[in-house]
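These are the residues of each chain, in order.
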Amino acid sequence: MGFNKETFAANLRAARAALDISQEELARAAGVSKDAIVKYESGEGYIPGADKVLAICRVVKKSPNELMGWKEV
């Protein structure tokens, strides 16, 4: 159960789209840079730290497992 950038990117894009918010709005609400959100959503950026994942999860109302594509146990 490792980190898959492509899965995280796709799930993050879908979660943001479902809320109909921009990358800038998500970045501001989560306390990260817009550049970081762009990189996370492209799947080409660096791996976000746990603090960033949790902040994003709070904004998009998803669990870390949902964004990572991991099955709940």
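These lines cover the structure that appears in this document, whether it is placed above or below.

Rules and cut-offs
- Residue indices begin from 1 for each chain and proceed along its sequence in written order.
- Whole-chain, interface and lining totals are the exception, using all residues; otherwise, since this is a predicted model, local features are given only for residues with pLDDT of at least 70 and side-chain atom pairs are given and counted only at 80 or more.
- Water and hydrogen atoms were dropped before computing side-chain values, which therefore reflect all heavy atoms in the structure.
- We call a residue buried when its accessible area falls under 20% of the maximum for its residue type, exposed when it is over 50%, and partly exposed in between, using a 1.4 Å probe and counting protein chains only.
- Helix and strand definitions here come from DSSP, where helices need a minimum of 4 consecutive H or I residues and strands a minimum of 2 consecutive E residues; each element is numbered from the N-terminal end.
- Think of the arc as the fan of directions from the helix axis to the C-beta atoms.
- Residue contacts are defined here by distance: any two heavy atoms, one from each residue, within 4.5 Å place the two residues in contact.
- Paired rings are identified among Phe, Tyr and Trp, the last through its six-membered ring, by centres lying within 6.5 Å, and are further divided according to the angle between planes into stacked (under 30 degrees), edge-to-face (over 60) and tilted (the rest).

### Let's talk about helix α2 (residues 23-30)
Those residues of α2 that fall on the buried side of the exposure criterion are Leu26, Ala27 and Ala30. Axial view of α2: buried residues confined to an arc of 100 degrees, hence all on one face. Every exposed residue of α2 that faces more than 90 degrees away from the buried side is listed here: Arg28 and Ala29. The inward-facing, buried residues of α2 abut α1 (5-19), α3 (34-42) and α4 (50-60). At the C-terminal side of α2, glycine 31 shows a positive phi close to 75 degrees.

### Quick look at the packing of aromatic side chains
Across all of its chains, the model carries 1 aromatic pair by this definition. Geometrically, the ring pair formed by phenylalanine 8 and tyrosine 40 is edge-to-face, given 6.2 Å between the ring centres and 75 degrees between the ring planes. With a gap of 32 residues between them, phenylalanine 8 in helix α1 and tyrosine 40 in helix α3 connect regions that are remote in the sequence.

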